[in-house]
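Okay, here's what each chain looks like letter by letter:
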Amino acid sequence: MPTEKKISSASDCINSMVEGSELKKVRSNSRIYHRYFLLDADMQSLRWEPSKKDSEKAKIDIKSIKEVRTGKNTDIFRSNGISDQISEDCAFSVIYGENYESLDLVANSADVANIWVTGLRYLISYGKHTLDMLESSQDNMRTSWVSQMFSEIDVDNLGHITLCNAVQCIRNLNPGLKTSKIELKFKELHKSKDKAGTEVTKEEFIEVFHELCTRPEIYFLLVQFSSNKEFLDTKDLMMFLEAEQGVAHINEEVSLEIIHKYEPSKEGQEKGWLSIDGFTNYLMSPDCYIFDPEHKKVCQDMKQPLSHYFINSSHNTYLIEDQFRGPSDITGYIRALKMGCRSVELDVWDGPDNEPVIYTGHTMTSQIVFRSVIDIINKYAFFASEYPLILCLENHCSIKQQKVMVQHMKKILGDKLYTTSPNVEESYLPSPDVLKGKILIKAKKLSSNCSGVEGDVTDEDEGAEMSQRMGKENMEQPNSVPVKRFQLCKELSELVSICKSVQFKEFQVSFQVQKYWEVCSFNEVLASKYANENPGDFVNYNKRFLARVFPSPMRIDSSNMNPQDFWKCGCQIVAMNFQTPGLMMDLNIGWFRQNGNCGYVLRPAIMREEVSFFSANTKDSVPGVSPQLLHIKIISGQNFPKPKGSGAKGDVVDPYVYVEIHGIPADCAEQRTKTVNQNGDAPIFDESFEFQINLPELAMVRFVVLDDDYIGDEFIGQYTIPFECLQTGYRHVPLQSLTGEVLAHASLFVHVAITNRRGGGKPHKRGLSVRKGKKSREYASLRTLWIKTVDEVFKNAQPPIRDATDLRENMQNAVVSFKELCGLSSVANLMQCMLAVSPRFLGPDNTPLVVLNLSEQYPTMELQGIVPEVLKKIVTTYDMMIQSLKALIENADAVYEKIVHCQKAAMEFHEHLHSIGTKEGLKERKLQKAVESFTWNITILKGQADLLKYAKNETLENLKQIHFAAVSCGLNKPGTENADVQKPRRSLEVIPEKANDETAE
């Protein structure tokens, strides 16, 4: 087990620096030198050895240090040929001297880098008073609070307490700690002191508490925002919440509420200070979980047609084990409905005593009475969601027992049954909002002029196919499952309204003859074939019709298909075996969390709009959608349990973490951390990953923790979350077991940033710009239809598209240039930039060398006398950035309107495009290609207009951040801090789905 002493104070950092560390010194031209760095005992200079220089020259005076930067954020790091091989988390730079030279260093671990960064910043802040500050911090607020807890136990003032009481007290404060670990720590301390007995003194109690209850990674984070104090005051906490966590509308009252809620010491609560323990409590609370709480309730538009939603669906809901021999039980329905499932399956057959039963036909699965299942459905149908429930009725009953089924459903479900006939003059299904509290029957239906009919057995008679494949009926059915015909009673048919089961033939036939209330079911194998061979047709089909996909009958073990394979095609009802845990059910459960777990998730606009181009198998960026970069840093883990199925190897865990991205093929990726040996209690990973997300609305992130030293089982825990539900900043990820239960006290600590984020409309999910490479600028291209009148319209759209791209990328490049001069990476926001440069803008006597004039909408930097060239360069780059922000804000509306005008003009041709193309002499393949190109171009125009709108919102947010940071740092020009930065301006309107309502059907 690791025995290194934990860092819990500035004093620990200074002591470690005095002892010294081996660091890599990075120079230009890819040169790297291994040197031993240490802090002089008098804390006046930083030295390194060996060196060719005179010993007096191989040092830097602490008082000459201007700042300490984290990461690879200097010119030397950026220009170094092997920079890509250097970990961002282990790199830091010391900026010193009047010419702002940089000493660029790489530590062996992120922990060591954090020690040097924290210690050096502390020395810069307190200078010659460092010793006094260190001594005074020994008797700090935290120590006083821990002493008070000890005194509350030591009621008789004996000066010691029992080991049992000491262990229990620490465990109460940190429930994730194992009792055995706390006891061992006290015993080790006593042994090191050659102390007999088990009594614990106050000093021992404080020492063990500091050792076990301090998370160094959180301490290093605290001192970044506390101006090197051992606590955060209300202003520090405000800055952390605004700059790092992206929380909008923060004030001191909100900070105080957090402090009063999470700070354990009375002193901290009274003074408005948040100690390391209070900060840890806050970061581990649900307030700082990675899942955005806005998505815990229904937050999507529920007034769209039913076919525009993904629907949480169960396959053979009655089974609780495998598909061939497993038992059937009503608990399958209870479990599914409690989990938010909105489509359950009932495979109904004739039963004894004229009572229909449910089971998988032609198999050895047990049977349950149909009536009891309807009773349970009636009780739990709307337990987790008020939105419609679909009963997928696979009817194999005789006419006599069909009538019994109808009697039970009418009597038990009553008014909940939705039997309204579809309106033939409409084109789409009703919305979930309209169908609240209703139960829909999906089944075969008679034609309107019949009282009874013979028809084919349902295309989902899986049991017969499974039985044949298992060889159980080989004598009777040597070659194939015979097509059966059955009688359907009128009463049962009348219960089917807007979910009539029909057999799928082919896409072109469906586009011409299928009614919007008809539903086709696809075997997984057939659906996969269409997804691979006709991805565009499958997406377009699902814009209007409901499609149900069910697992292959060969999945006898009740394993699950990957729902993403069919969601990417727009398939709404992807039926899952809820009884089988694992990756596929993790994806299903995680996916449907994003809309209050109501069982319905609105599909991406590109899958709903009548005129939009999207191919399910795209392995590149999506037309009209700007790729986003997801930056995830896995910082640490807490309280990992041993894998349940692992062999006997004690409690030792060697954890590592996989980060997986699931979505369209272009987005699927995974990366893993290193293994942390023999530490499941508090492993430090400190590894950063970056993923490009091309279709954010269909992407999911899955964190998986595994044991590298397993015997039999390696799974520790997982958490799956839709990309749209991620909260940025420092977050805890609560881990879940293989079956979905929360693992007590087990979590990952991560940092999340999203750059070039598109959409969402939430102020705390603002987009952050990333400069593109130095290659020539790429503009969205429009395709030629070879229809002259239409091509002329699209030709007119090219100039505004170029203008929109220039406005966006000029702004993004200028922002990134400013970030680089501030010494920050592209992941940073402008508030963090202003915080980083504010110390450089102060002179020796703390008078500002540069101030910001906030009296106008666009804040300007004003020099206050003679300043170094380095600062002049920052001011110049800032001015260029402001000009690019101004250009975008003042020109975006006009460019946007030109793009919208072109789109509306093009849509005038949409309805008659086929006839126009035919007149132009286009036939078959060329005509089909022209229609596809038209759809592509409309998608590009919508996307470019959206991107410009989001860029303008991002720019306005950037100006607010500059204003807020300038006031917070005291860099605003006197009298200008009250400028109205939220002055409303005419906002860009969203392009409607049907841009030309007059001509739309």
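Residues numbered from 1 in each chain as written. Predicted model: local features only at pLDDT ≥ 70, side-chain atom pairs only at ≥ 80, totals over all residues. Heavy atoms only, no water.

Turning our attention to the overall build of the chain. Counting its secondary structure elements, the chain contains 28 helices and 32 strands. Looking at the chain residue by residue over its 1001 residues, the buried ones come to 56%. Contacts in the chain between residues at least 24 apart in sequence constitute 71% of all its contacts with a sequence separation of at least 6. Surface summary for the chain: the accessible area is close to 43,000 Å², and the carbon and sulfur share equals 49%. (Helix = DSSP H or I, 4+ residues; strand = E, 2+ residues; numbered from the N terminus. Buried < 20%, exposed > 50% of the residue type's maximum accessible area, 1.4 Å probe, protein only. Contact = heavy atoms within 4.5 Å. Areas by Shrake-Rupley, 256 points an atom, 1.4 Å probe, with all protein chains shown as cover.)

Strands sit in the order β4-β3-β2-β1-β7-β6-β5 across an open sheet of seven strands; the sheet is antiparallel. In this open sheet, the two strands that pair with only one neighbour each are β4 (59-61) and β5 (65-70). Adjacent strand axes in the sheet meet at a mean angle of 30 degrees when their direction is disregarded. Bridge analysis of strand β3 (residues 45-49) against β4 gives three bridges, and the strand direction is antiparallel. If you follow Arg47 over to β4, its bridge partner there is Lys59. (Pairing = 2+ DSSP bridges. Axes fitted to C-alpha atoms, helices over the stretch in contact; angles between N-to-C directions.)

Counting along an α-helix, one turn takes 3.6 residues, and residues three or four places apart therefore face a common direction. With 34 residues, helix α24 (residues 788-821) should cover 50 Å at 1.5 Å per step; its first-to-last C-alpha distance of 50 Å lies within 8% of that length. Its axis deflected by about 25 degrees at Gln798, α24 carries its strongest bend there, up to four residues before the proline Pro799. Residue Gly823 follows α24 closely and has a positive phi angle near 85 degrees. (Expected span 1.5 Å × (residues − 1). Bend = angle between axes of the 7 residues up to and from the residue.)

Take Trp517: it is sitting in the loop between α19 (507-513) and β19 (518-523). Taking the C-alpha atoms as reference points, Trp517 and Pro430, separated by 87 residues in sequence, lie 9.6 Å from one another. When sequence neighbours within four positions are dropped, the list of residues in contact with Trp517 reads Pro422, Val424, Leu429, Ser497, Ile498, Cys499 and Lys500.

In total, this model carries 37 aromatic pairs according to the counting rule given. For the ring pair Phe504 and Tyr530, a centre distance of 5.3 Å and an interplane angle of 65 degrees mean the geometry is edge-to-face. Of this pair, Phe504 sits in the loop between β18 (500-502) and α19 while Tyr530 sits in helix α20 (residues 524-533), placing them 26 residues apart in sequence. With a relative accessible area of 10%, Phe504 lands in the buried category. Ring centres of Tyr541 and Phe545 lie 5.1 Å apart, and the angle between their planes is 45 degrees; this geometry places the pair in the tilted category. Of the two residues, Tyr541 and Phe545, both sit in the buried class. Among the aromatic side chains, those forming a connected cluster through ring pairs are Phe504, Phe507, Phe511, Phe522, Tyr530, Phe538, Tyr541 and Phe545. (Phe/Tyr/Trp six-rings, centres within 6.5 Å; stacked < 30°, edge-to-face > 60°.)

The next subject is the environment of Lys181. With respect to the helices and strands, Lys181 occurs in helix α7 (residues 179-192). Those residues within four positions of Lys181 in sequence are excluded, and the remaining contacts are Leu212 and Asp681.

Between side chains of opposite charge, pairing is possible as soon as their charged atoms come close. All chains considered together, the criterion is met by 35 salt bridges. When salt bridges with common partners are traced through the structure, they connect Lys303, Glu386, Asp433 and Lys436 into a single cluster. (Salt bridge = Lys/Arg side-chain N within 4 Å of Asp/Glu carboxyl O.)

Before going further, it helps to examine the pairing of strand β21 (residues 573-576). Of the two faces of β21, both are covered, the one formed by Ile573 and Ala575 as well as the one formed by Val574 and Met576. Where strand β10 (residues 309-314) lies against β21, four bridges are found, and the strand directions are parallel. Along β21, the bridge assignment pairs Ile311 with Ile573. Bridge analysis of strand β20 (residues 547-550) against β21 gives two bridges, and the strand direction is parallel. What sits directly across from Val549, in β21, is Val574.

In this section: unusual backbone geometry. Across the junction of Glu49 and Pro50, the peptide omega takes the value -10 degrees, indicating a cis bond. The topology assignment puts Pro50 in the loop between β3 and β4. Even without being a glycine, Asn157 presents a positive backbone phi close to 55 degrees. Although it is not a glycine, Asn354 adopts a positive phi angle of roughly 60 degrees. Of note, Asn354 is situated in the loop between β11 (343-349) and β12 (357-358). Its relative accessible area of 30% is what places Asn354 among the partly exposed residues.

Time to look at the nonpolar core. Formed by 77 residues in total, the largest nonpolar core has its most connected members in Tyr333, Leu346, Ile377, Leu393, Met409 and Phe522. The contacts of Tyr333, once residues within four sequence positions are left out, are Thr317, Tyr318, Val344, Glu345, Leu346, Ile358, Ile368, Val373, Ile376 and Ile377. The next biggest cluster of nonpolar side chains, apart from the first, holds 71 residues, and it includes Ile801, Leu824, Ala930 and Ala966. (Core = buried A, V, L, I, M, F, W, Y, C linked by side-chain atoms within 4.5 Å.)

The element β11 is largely enclosed, with a buried count of seven among its seven residues. Across six bridges, β11 lies against strand β14 (residues 389-395) in parallel orientation. Looking at the pairing, Glu345 lines up with Cys392 of β14. Relative to β12, β11 is paired through two bridges, and the arrangement is antiparallel. Bridged to Trp349 within β12 is Val357.

Shape is all these values report; function is a separate question.
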